[in-house]
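Spelled out from the first residue to the last, the chains are:
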Amino acid sequence: MSRHATGSQREPTDHRRETAITPEYKELVAEAEAVVEAYSPEEAVELTDEDGVHFVDVRERYELAAGMVRGGIHAPIGRLETHLDPNSPHYKDEFDDAAGLVFYCASGSRSALAARRAQQLGLERVAHLEGGFSAWVVAGGPTQVFDAPERT
């Protein structure tokens, strides 16, 4: 309730919620990292030529201005399930021949969560990129400019 509805005159001391969610984000990431395979950027670079291994960029569209893994598939984490489900109208056909998926984000946390979600959806060969796209670039991984498809 707002302070007007309760009549309270207390001033907020912090913009954060007074009641934390459980589990916290960092705990969710730690749980995902405990059960999801992770590749170092150097290991992941070795997978770029492996047939059927797709790199899945779960960052938001605005983050793609920095580039993406060459040949990567953009599937933002907020719509991940719709892109992975073959029965969804938003399914990404690029997943048809996927023998393995390596999820990545900017620094590695969201990709761990995305890979965990993919496991929960029944996908078996999933992993995530430690350190995310920034670590990929430092390791010299191949990149490309994001080629945004036109909206239909």
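No experiment lies behind these values; they were computed from the predicted model shown. Each residue is numbered by its place in its chain's sequence as written, counting from 1. Predicted model: local features are reported for residues with pLDDT of at least 70 only, side-chain atom pairs are reported and counted for 80 or more only, and whole-chain, interface and lining totals are derived from all residues. Side-chain numbers come from the whole structure's heavy atoms, not from hydrogens or water.

## Remarks on the overall build of the chain
Short version of the rule: Put simply, DSSP H or I for four residues or longer makes a helix, DSSP E for two residues or longer makes a strand, and each gets a number counted from the N terminus. Exposure classes here rest on a 1.4 Å probe applied to the protein chains alone. A residue is buried below 20% of its type maximum, exposed above 50%, and partly exposed in between. It only takes one pair of heavy atoms within 4.5 Å for two residues to be counted as in contact. Per-residue and other accessible areas follow the Shrake-Rupley method at a 1.4 Å probe size, with only the shown protein chains counted as cover for residues.
When helices and strands are tallied, the chain shows six helices and seven strands. Taken from the N to the C terminus, the helices and strands of the chain come in the order α-α-β-α-β-β-β-α-β-α-β-α-β. Expressed as a percentage of its 152 residues, the buried residues of the chain come to 36%. Long-range contacts, defined as pairs at least 24 residues apart, comprise 64% of the intrachain contacts of the chain with a sequence gap of at least 6. Split by element, the accessible area of the chain, about 9,800 Å² in all, is 48% carbon and sulfur.

## Some points on the pattern of salt bridges
Applied cut-off: One speaks of a salt bridge when a side-chain nitrogen belonging to Lys or Arg is within 4 Å of a carboxyl oxygen belonging to Asp or Glu.
Overall, the coordinates contain five salt bridges when judged by the stated rule. The salt bridge partner of Glu-63 is Arg-110, with a shortest N-O separation of 2.9 Å. Here Glu-63 is found in the loop between strand 2 (53-57) and strand 3 (68-69), whereas its partner Arg-110 is found in helix 5 (residues 109-120), with 47 residues between them in sequence. What makes Arg-110 partly exposed here is its relative accessible area of 21%. Across the salt bridge formed by Glu-81 and Arg-117, the nearest N and O atoms sit 2.8 Å from each other. Of this pair, Glu-81 sits in helix 4 (residues 80-84) while Arg-117 sits in helix 5, and the two are 36 residues apart along the sequence. The class of Arg-117 is partly exposed, set by a relative accessible area of 31%.

## A few points about the side chain of His-128
Which entries qualify depends on this criterion: Counting of polar contacts relies on pairs of N or O atoms within 3.5 Å, with two restrictions inside protein: one atom must be capable of donating a hydrogen and the other of accepting it, and residues adjacent in sequence are counted only when both atoms are side-chain atoms.
Among the secondary structure elements, His-128 is positioned in strand 6 (residues 126-129). Of the residues examined, His-128 reaches a relative accessible area of 4% and is grouped as buried. Here the side chain of His-128 touches Gly-108 through a polar contact of 3.4 Å, landing on its backbone oxygen.

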